[in-house]
Amino acid sequence: MAGNAADPGVSVIARTATLLKVFSGEHPRLKLSEASSRSGLSMTTTHRMLGELVAANLLSRGPDDRYSIGRTLWELGEISPLSLHLRETALPHLLTLYEATAENVHLAILDGIEALYVARLVGTNSVPTISRMGGRLPLHTTGVGKVLLAWQDEAFLSAYLARELESPTKFSITAEPKLRSQIREVRRSGVSWTHQEMTLGNTSIAVPILGHSGLLAAVGVVTHTVKAETSRLVPVLQNAASAISASLLELMDHDGVDSLG
């Protein structure tokens, strides 16, 4: 990416996209030198573009000369289909799920080869997690991720499993035979779970949200491994998934929405 970003033949829009993408949950505020290094753009070009983005309120510049995502960019993100259609439609049902479980509640979709977290509800007594709204985590180490993985075709699975898979904890499963076995079970039962595969002490349970033509998203809860009650949580999750699916299908059928993101 750096080489392409430095190529004078690359368009202004492409360079702007490259520069904006250097900001992330792990790096929400950057100095000029950090933005230049991470984007592969020269210091001069980065300084000029950052100034223009600040002037347009797409970025903001703090008193410490660090840059961050601006208010206008946030406002634009809030009118995306993922926010207006998927998250807002699912939110009442996610709140019901949280009230019934008092656990972390996650709504995620497949984006590339990762689980993209579209919504997240937590409480003061919820187990700590590393997930965040708008964040991404591996498919094979998260409950929602394994649901998303299980509904993909063989070509996707083969390519995904051929990679060197991340192993965040000693319990993370990366061996292809075992992962394939788990994926078959998720497809059969319609329920996915992980035990301490993303974060030590945590268990994640998730189910699919299905539409007319297949998978729309995945919804899950994360709880302490020592108090994970699958028999109690699975029916509540399935009820939430059914309610979200019905609301999404009504939106898509009656309001002419043909895409959730």
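Note: the structure precedes this text.
Residues numbered from 1 in each chain as written. Predicted model: local features only at pLDDT ≥ 70, side-chain atom pairs only at ≥ 80, totals over all residues. Heavy atoms only, no water.

Focus on the pattern of salt bridges
In the structure shown here, the tally under the stated rule is 13 salt bridges. A salt bridge links Arg61 to Asp65; its shortest N-O distance comes to 3.0 Å. Judged by its relative accessible area of 48%, Arg61 is partly exposed. For the salt bridge of Glu185 with Arg188, the shortest nitrogen-to-oxygen distance reads 2.5 Å. Here Arg188 and Glu185 lie together in helix H9 (residues 176-189), a separation of three residues that amounts to about one turn. Look at Glu185 and you get partly exposed, because its relative accessible area is 28%. Among the residues examined, Arg188 registers a relative accessible area of 62% and is labelled exposed. (Salt bridge = Lys/Arg side-chain N within 4 Å of Asp/Glu carboxyl O. Buried < 20%, exposed > 50% of the residue type's maximum accessible area, 1.4 Å probe, protein only. Helix = DSSP H or I, 4+ residues; strand = E, 2+ residues; numbered from the N terminus.)

A closer look at a nonpolar patch on the surface
Together, Leu76, Ile79 and Leu84 line one region of the surface with nonpolar side chains, adding up to about 290 Å² of accessible area. Along the polypeptide, Leu76 turns up in helix H5 (residues 71-77). A relative accessible area of 47% means that Leu76 is categorised as partly exposed. (Patch = residues over 30% accessible without salt bridge, like charges linked within 9 Å, V, L, I, M, F, W, Y side chains within 5 Å. Areas by Shrake-Rupley, 256 points an atom, 1.4 Å probe, with all protein chains shown as cover.)

Description of the packing of aromatic side chains
Enumeration according to the criterion identifies one aromatic pair in this entry. Ring centres 6.3 Å apart and planes at 10 degrees place the aromatic pair Phe156 and Tyr160 in the stacked group. Remark: Tyr160 and Phe156 occur in helix H8 (residues 154-161); sequence separation between them is four residues, near one turn of the helix. Summarising the burial analysis for this pair, Phe156 and Tyr160 share the class buried. When the ring centre of Tyr160 is taken as origin, the NZ or CZ atom of Arg163, which lies over that ring, is 4.8 Å away. (Phe/Tyr/Trp six-rings, centres within 6.5 Å; stacked < 30°, edge-to-face > 60°. Lys NZ or Arg CZ within 6 Å of the ring centre and 35° of its normal.)

Some details on the environment of Asn239
Residue position: Asn239 is located in helix H10 (residues 230-254). The exposure class assigned to Asn239 is exposed, which follows from its relative accessible area of 57%. Each C-alpha atom of the pair Asn239 and Leu97 lies 8.7 Å from the other, and the pair is 142 residues apart in sequence.

Regarding the sheet that holds strand E5 (residues 136-138)
Taken together, the six strands give an open sheet; going across it, the order is E5-E4-E3-E8-E7-E6, and neighbouring strands pair in antiparallel fashion. Lying at the two open borders of the sheet, with one neighbouring strand each, are E5 and strand E6 (192-195). The mean angle between the axes of side-by-side strands here comes to 30 degrees, regardless of whether they run parallel or antiparallel. Where E6 lies against strand E7 (residues 202-211), four bridges are found, and the strand directions are antiparallel. Counterpart to Thr194 in the pairing with E7 is Ser204. (Pairing = 2+ DSSP bridges. Axes fitted to C-alpha atoms, helices over the stretch in contact; angles between N-to-C directions.)

A look at the pairing of E7
Burial within E7 is extensive, with nine of its ten residues counted as buried. The hairpin formed by E6 and E7 contains six residues between the paired strands, and Gln196 there has a positive phi angle of roughly 60 degrees. Where E7 and strand E8 (residues 214-224) come together, ten bridges link them in antiparallel fashion. Residue pairing across strands places Ile205 opposite Val221, the latter belonging to E8. Counting the residues in the hairpin turn of E7 and E8 gives two residues.

Digging into the nonpolar core
Leu94, Leu107, Ile209 and Val219 are the most contacted members of the largest nonpolar core, which has 25 residues in total. Secondary structure elements with two or more residues in this core: helix H6 (81-101), strand E3 (104-111), strand E4 (114-121), E7, E8 and H10. A total of seven residues in this core trace back to one element, the largest contributor, which is H10. Beyond its immediate stretch of four places on either side in the chain, Leu94 contacts Val105, Leu107, Ala119, Leu121, Val219 and Ile244. Listed in part, the 22 residues of the second largest apolar core include Tyr117, Leu161, Ala206 and Ala218. (Core = buried A, V, L, I, M, F, W, Y, C linked by side-chain atoms within 4.5 Å. Contact = heavy atoms within 4.5 Å.)

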